[in-house]
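Descriptive structure summary
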Amino acid sequence: MRAALILALVMPASILPASVMSMEPPSDTRQATAQEQPLPKIAPAPGFTLTSQDGAQVSLADLRGKVVAVTFIFTRCSATCPVLTPMMSLVQDRLGRDFGNEIAFASITVDPEHDTPETLKLYAQMHGADVAGWSFLTGSPRTISELTRRYGVLASRNVSGDIEHTFLTSIVDRHGILRVQYLGVRFDPEEFRRDLLSLLREP
């Protein structure tokens with residue numbers, strides 16, 4: 001968990017004075033304290049203007065004022081996407097009324113030649129996505145290629161023609177600043193939900 005990592009990096013227990021060790025709060029308290037620390041500010045998030053599953057133009061600037069989770073998927077993916085998209089759908093449901101009003105998801109295809117708005121709309125319906133707060137986006141191959149690079153995602157076709165890509169989920173705060181990135185699909189969905197909500201509480 002991130003909380004444990006933060007505590008481990010601040011100061012190794014082996015070099016703490018005995019008096020500090022004896023006054024150390026219970027582990028649950030330490031974990032809560034670490035979780036209250038604000039997420040770091042990485043850099044301004046790369047902007048984009050893409051086409052949604054409904055054929056509308058959606059830009060990151062349009063979502064300013066909301067906390068946004070940005071991820072990269074494609075509808076024919078048989079490895080990571082079938083794990084991540086349902087997990088995000090679960091978090092969507094757990095966010096309640098904050099989802100759509102205060103928090104938005106943006107899933108960007110890395111296979112724009114195949115993933116038309118119509119294809120993405122079917123994919124969204126299949127996964128129970130609430131499109132009032134979750135956009136499935138596509139664009140020209142050149143635009144998508146540049147955007148994946150700017151977010152740190154690698155996507156390429158292998159010799160059999162299948163797409164291989166790194167799975168990276170980014171959280172952008174209300175002001176358009178990139179705050180955290182999860183690599184892979186096996187991060188804790190509850191931690192993901194807490195990180196989203198923590199940015200809602202920031203001034």
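Residues numbered from 1 in each chain as written. Predicted model: local features only at pLDDT ≥ 70, side-chain atom pairs only at ≥ 80, totals over all residues. Heavy atoms only, no water.

**Points about the overall build of the protein chain**
The helix and strand inventory of the protein chain stands at 8 helices and 10 strands. In the protein chain, which comprises 203 residues, the proportion classed as buried is 43%. Expressed as a percentage of contacts within the protein chain between residues at least 6 apart in sequence, the contacts between residues at least 24 apart total 73%. Summing over all exposed atoms, the protein chain offers an accessible surface of approximately 10800 Å²; the carbon and sulfur share of this is 56%. (Helix = DSSP H or I, 4+ residues; strand = E, 2+ residues; numbered from the N terminus. Buried < 20%, exposed > 50% of the residue type's maximum accessible area, 1.4 Å probe, protein only. Contact = heavy atoms within 4.5 Å. Areas by Shrake-Rupley, 256 points an atom, 1.4 Å probe, with all protein chains shown as cover.)

**Some thoughts on the nonpolar core**
Across soluble globular proteins, nonpolar side chains have a tendency to be buried as a group. Among the nonpolar cores identified, the biggest contains 53 residues, and Phe48, Phe105, Ile108, Tyr151, Phe192 and Leu196 are the most heavily contacted of them. For this core, the element with the highest residue contribution is strand β4 (residues 67–73), accounting for 6 residues. With residues up to four places along the chain from it excluded, the contact list for Leu196 reads Val67, Ala69, Val91, Leu95, Ile103, Phe105 and Ile171. (Core = buried A, V, L, I, M, F, W, Y, C linked by side-chain atoms within 4.5 Å.)

**Some thoughts on the pairing of strand β5 (residues 103–109)**
Judged by how many residues are buried, β5 sits mostly within the fold: 7 of 7 residues are covered. Neither face of β5 is open: one carries Ile103, Phe105, Ser107 and Thr109, the other Ala104, Ala106 and Ile108, and all of them are buried. As paired strands, β4 and β5 are joined by 7 bridges and run parallel to one another. Paired with Ala69 across the two strands is Phe105, which belongs to β5. (Pairing = 2+ DSSP bridges.)

**Some words on helix α8 (residues 189–200)**
An α-helix turns once per 3.6 residues; consequently, residues spaced three or four apart project the same way. In a regular helix each residue adds 1.5 Å, so 12 residues correspond to 16 Å; α8 covers 17 Å between its end C-alpha atoms and thus fits that length. Looking only at α8, the buried set comprises Glu191, Phe192, Asp195, Leu196, Leu197, Ser198, Leu199 and Leu200. By the N-cap criterion, in which a side-chain oxygen at the helix start approaches the backbone nitrogen of a residue two or three places on, α8 is capped by Asp188, the distance to Glu190 being 2.9 Å. (Expected span 1.5 Å × (residues − 1). Polar contact = N/O pair within 3.5 Å; in protein donor to acceptor, adjacent residues only side chain to side chain.)

**Remarks on the sheet that holds strand β6 (residues 134–137)**
As summarised here, the arrangement of the 6 strands in space is β1-β10-β9-β4-β5-β6, forming an open sheet in which the pairing is mixed. Edge positions in the sheet fall to β1 (43–44) and β6, since each of these pairs with one other strand and no more. Across 5 bridges, strand β9 (residues 168–172) lies against strand β10 (residues 177–183) in antiparallel orientation. Each residue of the ladder has a partner; that of Leu168, found in β10, is Leu183. Sheet strands touched by helix α7 (residues 141–151): β4, β5, β9 and β10. Its angle to β4, the strand with the most contacts, is close to 120°. (Axes fitted to C-alpha atoms, helices over the stretch in contact; angles between N-to-C directions.)

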